[in-house]
Number of protein chains: 2
Amino acid sequence: MTQEKRESLRIRYEHELFERVLPFWLRHSPDPINGGHFNNLDHNGTIYDTTKHIWMQARLVWMFSKLYRVVEPREDWLNAAQSGMDFLKNHTIRPDGRVFFSVTSDGHPIYQQRKIFTECFYALALSEFGNAIDRASYIKEAILMVEKIWEWADDGTLIGRPALDGDQPSQPLAVPMMLLNLLDEVKTDIDCSSEIDECFQRIKLHVHGRHTFEYVSTQGKQLQGPNGRLVNPGHVIEAGWFIQHMAHRTNNNTMIEMGRKMIRDAQSNGWDKTFGGLYYFYDAEGFSPVQLEWSMKLWWPHCEALYAHLLNYAYTSNLDDFQSFHLTDDYIFRHFVDSKYGEWFGYCDQLGQITHRFKGGPYKGCYHVPRSLLLCWQLLQDWPNQKF
Amino acid sequence: MTQEKRESLRIRYEHELFERVLPFWLRHSPDPINGGHFNNLDHNGTIYDTTKHIWMQARLVWMFSKLYRVVEPREDWLNAAQSGMDFLKNHTIRPDGRVFFSVTSDGHPIYQQRKIFTECFYALALSEFGNAIDRASYIKEAILMVEKIWEWADDGTLIGRPALDGDQPSQPLAVPMMLLNLLDEVKTDIDCSSEIDECFQRIKLHVHGRHTFEYVSTQGKQLQGPNGRLVNPGHVIEAGWFIQHMAHRTNNNTMIEMGRKMIRDAQSNGWDKTFGGLYYFYDAEGFSPVQLEWSMKLWWPHCEALYAHLLNYAYTSNLDDFQSFHLTDDYIFRHFVDSKYGEWFGYCDQLGQITHRFKGGPYKGCYHVPRSLLLCWQLLQDWPNQKF
């Protein structure tokens, strides 16, 4: 890629991020009455549900804190982060450290998941907000939460769910990749090299030849049935760059190579050769996955792929990586980008028709789009030597 | 509809049911080693997952027992029902009466739902199998189970899930319609008129003008947010004929009228005017439902609609009902019917392209297709005076 091409990409992403995506959230999501942010926003920013989904609340805090710290100390970004952080601390955490999945606009709890991810995003918010305002107490709290999450994660994926004897003990890819991301984000003076290595090894258990399975046995064996053949290409690609970031920091070339290969294989197996776009799921033996949405094209796998292919290309100059990046960029700007109201649409059917008009929902917030654009923008700027 | 047209329809459905649908299950589903039936069958009958999903196991028992009793005492049908019933009794019920959602092929429990539906289908299987072989002990067991289900249903939808104070107490339409179906199927000498009336009244709480909401408050008020605007047209249409069957038995003309209107409104609001087919969900105010699969066209709402419109037409001679029936029949035979291997495909995208090639899955078994064909076939035969 020529310097000129990089610069034109950088400008395009800069415009998309700072003029089209972030303003959408700053304008439409703040709750002027109770503080914090609404996340269920229609195509034009109309609030269609006042429920606050805490994954989204915490991710928005993380995002604006990060922008404040690494791009520019803008007051509106800090205010957005502060308001979300206050809402999180005041309304969403239980005395035992668990965090509600969703609450009403004024903070009454609606739902508690049996998974650990809400707590993970809460810890990310604490940590990055603490970094942004340089306040150690937030970071300390984040570290304590990561320690609890580490214990809960050992109990399996569903906290409090009794094991039944026909159930194959399994590990979802989401858990070790999330833990790795936490270790990368929540910086501590304590030596975490054994935990980092455990994450690497647990992710490696999922890699079976050219497929990285979403679920494997706790020893890394393939499970029987559809769950054992299931691949979520977006997850694999996201894990692929999580691994590379941490492996660059720890000078682990084997893991850098594994991360690169995971991304390339998931792209090659998960890309729809007929209609374009990454499948949400595929079955490694070609059966139809039982998930009704398997053939849909979601925004977030494409966000992850955009950065992951660019990262692979930046460090290897492999033209296949550039081609994958180009395909992804083209798919995104033809399908997800909304030139009218900003932010991106989130969901297309297999053929690429938009199926859901909203910009924010229970699982779509101010996160994958701006994170991907920011990472690409930074990489294009520091080419090819970003700081990990 | 002329007698000639009815007869040609009857013959077409008879062929589809007895030559194309039932043989698929009789040929591919039996487990010769452990007894019972596999339900995860690919397009051509190949088993792609040996997990036995108990909704499907119990529904198959119900279906073949019903056929044995009301159509013809065929030995292969009885054997299919008996094998499934034995598997259910030996492997799926806990001492407290709760029933596992899924078990391994040899009967080890995999998953327990927090909903009451597995128990409901188990009770249907017990009752109809008892009727088929004229054995009172099965029916008695079914009645005891219905009594337990009645108590559990009062505890809300998720057994054992603690209520949180921001959660709006709500009632899903699925519960009173399922209870009504149980009261219709599990015959008892005890007078159930107050329970029947309670089901009618609880369903009525969901009917708000031209929309029958999937969730309402326990007092029938519309809930805030997307759940409060959600309509599942297939559920409404199924409830519409459940109501009419029971209302015919109890000579309740008001409820017959309500059932008819629910079906007509759900058809009119839930039918995709551009690409045809019933949406899986719609939002009464036109927002995009948050369910990823909302715009898909599933086989079962069309099965329910086929019979429901024919029922409406048989008793009212209203030409709109005939037109809806005709649209549904046409959609089904153009999209779901598989002339090669038998049974029907289950899932299409909004445009009508098949998204999943399997014939049986965790939620698709030997039930909606043969039940609908049987009901239509019987109605066309006894026109317009079937026994309810």
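In this text, all values refer to a predicted model and were calculated from it rather than measured experimentally. (Residues numbered from 1 in each chain as written. Chains lettered and ligands numbered in written order. Predicted model: local features only at pLDDT ≥ 70, side-chain atom pairs only at ≥ 80, totals over all residues. Heavy atoms only, no water.)

**Q** Help me get a handle on the overall build of chain A, residues and values and all.
**A** Looking only at helices and strands, chain A has 13 helices and 14 strands in total. Its C-alpha atoms give chain A a radius of gyration of 20 Å, near enough to 21 Å, the size a compact globule of 388 residues would have. By principal-axis analysis of the C-alpha atoms, chain A measures approximately 55 × 50 × 40 Å. By residue count, 63% of the 388 residues in chain A fall in the buried class. Across chain A, contacts joining residues at least 24 apart in sequence account for 66% of those joining residues at least 6 apart. For chain A, the accessible surface area stands at approximately 15000 Å², while carbon and sulfur atoms represent 48% of it. (Helix = DSSP H or I, 4+ residues; strand = E, 2+ residues; numbered from the N terminus. Rg over C-alpha atoms; globule rule 2.2 N^0.38 Å. Buried < 20%, exposed > 50% of the residue type's maximum accessible area, 1.4 Å probe, protein only. Contact = heavy atoms within 4.5 Å. Areas by Shrake-Rupley, 256 points an atom, 1.4 Å probe, with all protein chains shown as cover.)

**Q** How would you explain the interface of chain A and chain B if you had to name every residue and give the values?
**A** At the junction of the two partners, chain A supplies 40 residues and chain B supplies 40 residues. A combined buried area of about 3300 Å² lies between chain A and chain B, and 60% of that area is made up of carbon and sulfur atoms. For the chain A face of the interface with chain B, the top three residues by lost area are Y48(A), L164(A) and L292(A), together amounting to 19%. Seen at the junction of chain A and chain B, the total is zero salt bridges. Where the side of chain A that touches chain B is concerned, the elements lending two or more residues are β2 (47-49), β5 (109-111), α8 (226-229) and β14 (354-356) of chain A. (Buried area = accessible area lost by both parts, 1.4 Å probe. Salt bridge = Lys/Arg side-chain N within 4 Å of Asp/Glu carboxyl O.)

**Q** Can you tell me about the environment of V337(B), naming the residues and giving the values?
**A** Of note, V337(B) is situated in the loop between α12 (319-335) and β13 (347-348). Separated by 32 residues in sequence, V337(B) and V369(B) have C-alpha atoms that sit 10.0 Å apart.

**Q** Lay out the sheet that holds strand β12 (residues 297-298) of chain A in plain terms, naming residues and giving numbers.
**A** Residue and element names in this part refer to chain A. Taken together, three strands build an open sheet; the order of strands is β12-β13-β14 and the sheet is antiparallel. The strands lining the two open edges of the sheet, one partner per strand, are β12 and β14. The sheet contact formed by strand β13 (residues 347-348) and β14 spans two bridges and is antiparallel. From the neighbouring strand, C348 faces β14, where its bridge partner is I354. (Pairing = 2+ DSSP bridges.)

**Q** Go over helix α11 (residues 299-316) of chain A with me, naming the residues and quoting the values.
**A** Over its 18 residues, α11(A) runs 26 Å from end to end, which matches the ideal 26 Å to within 8%, given 1.5 Å per residue. Note on α11(A): the residue one or two positions beyond its end, S317(A), has a positive phi of about 55°. (Expected span 1.5 Å × (residues − 1).)

**Q** Quick rundown of the pattern of salt bridges? Include the residues and the values.
**A** Between side chains of opposite charge, a pair can form when the charged atoms approach closely. One pass over the full model with this rule turns up 50 salt bridges over all chains. Across the salt bridge formed by K52(A) and D31(A), the nearest N and O atoms sit 2.7 Å from each other. Placement of the pair is K52(A) in strand β3 (residues 52-53) and D31(A) in the loop between α1 (3-28) and β1 (40-41), with a sequence separation of 21 residues. The exposure class of K52(A) is buried, given its relative accessible area of 0%. As a salt-bridge pair, D329(B) and R12(B) come within 3.0 Å of each other at their nearest N and O atoms.

**Q** An account of the side chain of N181(B) is needed here, citing residue identities and associated values.
**A** Residue and element names in this part refer to chain B. Structurally, N181 is set in helix α6 (residues 174-185). Taking relative accessible area as the criterion, N181 reaches 5% and is therefore assigned buried. The contacts of N181, once residues within four sequence positions are left out, are L124, F242 and Y367.

**Q** How would you explain the relation of the copies chain A and chain B if you had to name every residue and give the values?
**A** For the match of chain A to chain B, the screw axis carries a shift of 0.0 Å, the RMSD comes to 0.0 Å, and the turn is 180°. Considering both components of the superposition, the chain copies are consistent with a two-fold axis. Judged by C-alpha distance, E293(A) is the residue of chain A that lies nearest the rotation axis, at 3.1 Å. When the interface residues of chain A are mapped onto chain B, 100% of them again fall at the interface, so both copies present the same face. (Least-squares fit on C-alpha atoms with pLDDT ≥ 70 in both.)

**Q** Which residues make up the environment of D197(B), and what values go with them?
**A** By secondary structure assignment, the location of D197(B) is in helix α7 (residues 193-204). A sequence separation of 17 residues divides D197(B) from L180(B), and the C-alpha atoms of the two residues are 9.2 Å apart.

**Q** Which residues make up the confidence of the model for chain A, and what values do they have?
**A** The predicted coordinates ought not to be read in detail in places where the model reports low pLDDT. The predicted model of chain A has a mean per-residue pLDDT of 96, with 98% of residues at 70 or higher. The ipTM, which scores confidence in the relative placement of chains, is 0.94 for this predicted complex, and the corresponding pTM is 0.96. (pLDDT = per-residue confidence, 0-100.)

**Q** Explain the sheet that holds strand β4 (residues 102-103) of chain A to me, and be specific about the residues and the numbers.
**A** Strand pairing in a sheet takes place through backbone hydrogen bonds and is either antiparallel or parallel in direction. All names here are of chain A. Taken together, the three strands give an open sheet; going across it, the order is β3-β4-β5, and neighbouring strands pair in antiparallel fashion. Bordering the open sheet on either side are β3 and β5, each of which pairs with just one other strand. Strand direction decides the pairing type here: β3 and β4, joined by two bridges, are antiparallel. Each bridged residue has a counterpart across the sheet, and for H53 the counterpart in β4 is S102.

**Q** A description of the nonpolar core should follow, citing residues and the corresponding values.
**A** Core analysis: the biggest nonpolar cluster contains 130 residues, and F64(A), I149(A), L180(A), L182(A) and W344(A) have the highest contact counts within it. I54(B), W62(B), M177(B) and I332(B) belong to the second-largest nonpolar core, a separate cluster that totals 126 residues. (Core = buried A, V, L, I, M, F, W, Y, C linked by side-chain atoms within 4.5 Å.)

**Q** Kindly report on helix α12 (residues 319-335) of chain A, identifying the contributing residues and their values.
**A** Residues and elements named next belong to chain A. Taking 1.5 Å per residue as the helical rise, α12 with its 17 residues ought to reach 24 Å, and the 24 Å between its terminal C-alpha atoms agrees with that figure. For α12, the full list of buried residues reads D321, F322, S324, F325, T328, D329, Y331, I332 and H335. If you follow the buried residues of α12, they end up packed against α1, α10 (253-270), β12, α11, β13 and β14. With a side-chain oxygen lying 2.8 Å from the backbone nitrogen of D320, the N-terminal cap of α12 falls on N318. (Polar contact = N/O pair within 3.5 Å; in protein donor to acceptor, adjacent residues only side chain to side chain.)

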